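Structural features, examined
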Amino acid sequence: MVSLLPADMPVPKLHGYLLGAIGPRPIAFASTMDENGRPNLSPFSFFNVFSANPPVLLFSPARRARNNTTKHTLDNVLRTREVVINIVNFDMVQQMSLASTEYPEGENEFKKAGLGMLKSDLVRPYRVAESPVHFECRVSKVEALGKKGGAGNLVFSEVVKMHIDPAVLDENGNVDQFKIDQVARMGGNWYSRANKGLFQVPKPLSTLGMGVDRIPEHIRLSKTLTGNDLGMLGTVEAPPSPREVNDFVASDKEIRTIIRSGERELLELKAKEYLNRNDVLSAWKILLAP
């Protein structure tokens, strides 16, 4: 055994050990709103349910280890005392990952990640339309676990209303664990798909991803590309240049043949093949081919 004292190691190293060893962790896709009515959306894997009567969920937005600043989600719940916790399934995992990008204050992560906004009934924050389950919550208290970078903040979120997609229920009205198809966080880039196993989602760029909202409309409204596909495309800082696109097309005979056929759907299917291999830039070059 390797025995370690937390006080003897840097916070990022300790953080990595904790997240690598403790998992899978469910994901709270937390929607909040600031005092000016601007939406915010961010995922947190320090999350679980801790009481049924009353129904209470806890999640923890930690202080940033690099500079000891707080996240917009924490700032919002301290001011407004409301949050919607949305459950993440596999169909939206790429868009959820994109929403974790640290966009500037006031930027709408719903739009950046290409996710729909549903009005809540009892609280002000919006619900994620693509999520299979939403929990409208009022925050009863926030308990700070420390004042240094990396310290958590327990957000006690009492459920005041639930919304469940009937498509994830079984014949008895219970949540079907195969239909809901939840994902959970592991260490590093790793996730766990409850009914499939481990898979990877590369972390968004340290620089800002362009977001789904800036993807050209003819790509964004494709009937072939999924929300996950669009989420991956939105992680790039900027699309490839026309010269890069032309050089790529010139080097690939198959792509030129598809372009000559005029079958846009075939081009999009070829781009999906590259996305499935995590080659996002090549997928962009195919989708932008003239």
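Residues numbered from 1 in each chain as written. Predicted model: local features only at pLDDT ≥ 70, side-chain atom pairs only at ≥ 80, totals over all residues. Heavy atoms only, no water.

So, on to the overall build of the protein chain. Across its full length, the protein chain carries eleven helices and twelve strands. For 290 residues, the compact-globule estimate of 2.2 N^0.38 gives 19 Å, and the C-alpha radius of gyration of the protein chain, at 21 Å, lies within 12% of that figure. Over its C-alpha atoms, taken along the principal directions, the protein chain stretches across nearly 60 × 50 × 45 Å. Relative to its full complement of 290 residues, the protein chain shows a buried share of 45%. (Helix = DSSP H or I, 4+ residues; strand = E, 2+ residues; numbered from the N terminus. Rg over C-alpha atoms; globule rule 2.2 N^0.38 Å. Buried < 20%, exposed > 50% of the residue type's maximum accessible area, 1.4 Å probe, protein only.)

Here proline 202 lies in the loop between strand 12 (197-200) and helix 6 (217-220). Classification of proline 202 as partly exposed rests on a relative accessible area of 40%. Considered as a pair, proline 202 and methionine 232 are 30 residues apart in the sequence and their alpha carbons are 9.3 Å apart. Every residue in contact with proline 202, bar those within four places of it in the chain, is listed here: Ser97, Asn189 and Asn278. (Contact = heavy atoms within 4.5 Å.)

Opposite charge on two side chains permits them to pair, given that their charged atoms come into close proximity. By the definition in use, this model includes 14 salt bridges. Two residues, glutamate 102 and arginine 64, come together in a salt bridge whose shortest N-O distance is 3.1 Å. In this pair, glutamate 102 sits in the loop between helix 3 (93-99) and helix 4 (109-112) while arginine 64 sits in the loop between strand 4 (55-59) and helix 2 (72-80), placing the two residues 38 residues apart along the sequence. Residue classification places glutamate 102 among the partly exposed positions, given a relative accessible area of 39%. The exposure class assigned to arginine 64 is buried, which follows from its relative accessible area of 12%. Across the salt bridge formed by lysine 112 and aspartate 213, the nearest N and O atoms sit 3.3 Å from each other. Separated by 101 residues along the polypeptide, lysine 112 in helix 4 and aspartate 213 in the loop between strand 12 and helix 6 bring together distant segments of the chain. A relative accessible area of 7% means that lysine 112 is categorised as buried. (Salt bridge = Lys/Arg side-chain N within 4 Å of Asp/Glu carboxyl O.)

Judged by pairing direction, the sheet is antiparallel, and its seven strands sit side by side in the order 2-1-5-8-9-4-3 without closing on themselves. Two strands close off the open sheet at either side, each with one partner strand: strand 2 (39-44) and strand 3 (47-52). In this sheet, adjacent strand axes meet at a mean angle of 30° when their direction is disregarded. Examined bridge by bridge, strand 1 (residues 28-33) and strand 2 share six bridges and lie antiparallel to one another. Among the inter-strand pairings, alanine 28 is bridged to a residue of strand 2, identified as phenylalanine 44. (Pairing = 2+ DSSP bridges. Axes fitted to C-alpha atoms, helices over the stretch in contact; angles between N-to-C directions.)

The buried fraction of strand 4 is high, at four of five residues. With antiparallel pairing between neighbouring strands as the criterion, strand 3 and strand 4 make up a hairpin whose turn holds two residues. The sheet contact formed by strand 4 and strand 9 (residues 153-164) spans four bridges and is antiparallel. What sits directly across from phenylalanine 59, in strand 9, is valine 155.

Looking at the secondary structure, you find arginine 25 in the loop between helix 1 (11-21) and strand 1. Glutamate 102 provides the closest opposite charge to the buried, salt-bridge-free arginine 25, at an N-O distance of 15 Å. Here the side chain of arginine 25 touches serine 45 through a polar contact of 3.1 Å, side chain to side chain. (Lys, Arg positive; Asp, Glu negative; His and termini not counted. Polar contact = N/O pair within 3.5 Å; in protein donor to acceptor, adjacent residues only side chain to side chain.)

Together, Val2, Leu4 and Tyr17 line one region of the surface with nonpolar side chains, adding up to about 320 Å² of accessible area. Looking at the element boundaries, leucine 4 is found in the segment before helix 1. (Patch = residues over 30% accessible without salt bridge, like charges linked within 9 Å, V, L, I, M, F, W, Y side chains within 5 Å. Areas by Shrake-Rupley, 256 points an atom, 1.4 Å probe, with all protein chains shown as cover.)

In short, geometric facts, not functional conclusions.
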